[in-house]
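Close look at the chain arrangement
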Amino acid sequence: MAEKRKREPSRFVVPGDIIAEDESGDGGKVGNGLYVRGEIVMASKAGLLKKAKGSQVYVENHQRRYVPLVGDVVLGVVVERHGESYKVDIGAPSKAVLPHLAFEGATKRNRPNLEVGSLVYARIACADRDLDPELTCISPDSKKVALKKI
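As the structure is a computational prediction, the values presented were derived from the model and not from experiment.

**Regarding the sheet that holds strand 6 (residues 57–60)**
Reading across the sheet, the three strands line up as 1-5-6 and stay open at both edges, with antiparallel pairing between neighbours. Either end of the sheet is taken by a strand with one partner, and the two such strands are strand 1 (11–13) and strand 6. Each adjacent strand pair in this sheet contributes to an overall mean axis angle of 45 degrees, direction not counted. Here strand 1 runs beside strand 5 (residues 47–51); their pairing, made up of three bridges, is antiparallel. Directly across from Val13, in strand 5, lies its bridge partner Gly47.

**Some details on the nonpolar core**
Judged by nonpolar contacts, the single largest core of 17 residues is most densely connected at Val88, Ile90, Leu98, Leu114, Val120 and Leu135. Listing elements by their share of this core, those giving two or more residues are strand 7 (73–81), strand 8 (85–89), strand 9 (96–99) and strand 10 (119–126). Ranked by residue count, the leading element in this core is strand 10, at three residues. Residues Val13, Ile19, Leu34 and Val41 belong to the second largest nonpolar core, which totals seven residues.

**Concerning the confidence of the model for the protein**
Across the protein, pLDDT averages 80, with 83% of residues at or above 70. Put simply, strand 12 (residues 148–149) is where the protein has its lowest mean pLDDT, 60, and strand 9 is where it has its highest, 94.

**Let's talk about the sheet that holds strand 3 (residues 34–37)**
Taken together, three strands build an open sheet; the order of strands is 2-4-3 and the sheet is antiparallel. Either end of the sheet is taken by a strand with one partner, and the two such strands are strand 2 (18–21) and strand 3. Mean inter-strand twist for the sheet, computed between neighbouring axes without regard to direction, equals 25 degrees. In terms of strand pairing, strand 2 meets strand 4 (residues 40–43) through three bridges, oriented antiparallel. The residue bridging Glu21 from the neighbouring strand is Ile40, located in strand 4.

**Let's talk about the side chain of Lys87**
Among the structural elements, Lys87 can be located in strand 8. For Lys87, a relative accessible area of 18% puts it in the buried group. Only 2.8 Å separates the side chain of Lys87 from the side chain of Asp132, close enough to count as a polar contact. Excluding its chain neighbours within four sequence positions, the residues that come into contact with Lys87 are Val77, Val78, Val79, Glu80, His82, Lys95, Ala96, Val97 and Asp132.

What counts, and at which threshold
- Residues numbered from 1 in each chain as written.
- Predicted model: local features only at pLDDT ≥ 70, side-chain atom pairs only at ≥ 80, totals over all residues.
- Heavy atoms only, no water.
- Pairing = 2+ DSSP bridges.
- Helix = DSSP H or I, 4+ residues; strand = E, 2+ residues; numbered from the N terminus.
- Axes fitted to C-alpha atoms, helices over the stretch in contact; angles between N-to-C directions.
- Core = buried A, V, L, I, M, F, W, Y, C linked by side-chain atoms within 4.5 Å.
- Buried < 20%, exposed > 50% of the residue type's maximum accessible area, 1.4 Å probe, protein only.
- pLDDT = per-residue confidence, 0-100.
- Polar contact = N/O pair within 3.5 Å; in protein donor to acceptor, adjacent residues only side chain to side chain.
- Contact = heavy atoms within 4.5 Å.

This is the structure we're talking about:
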């Protein structure tokens, strides 16, 4: 009598979860959201573990890219230095611009000296779909935590 194969329900996985141990080395294909370390298949993203046709497994998630909005407080990494500004990676589709004068007490003579790789805690001052977002490290009111280089 032939056994009917039951469809396994999807399970939720988080990064670092062990999905399978493959001692034979000829296991199934590893899809999106998974990676192989030695003989162990692990999750690299959070989501539902699904099985595609054949032996491919993948993690289905609804991860989207960050879309900056005016007023958002962000952490960013300085990736470029320019004459009057810095380019900062905030995890958005394009790099944000941080002008030298966008710091508390900054003047043309007294401006911050940030190196590439510096971590910056800033607020989105201007965000437009067609332009790079602009950051500021000037607090809108003095009661809030100071925005600055970390």
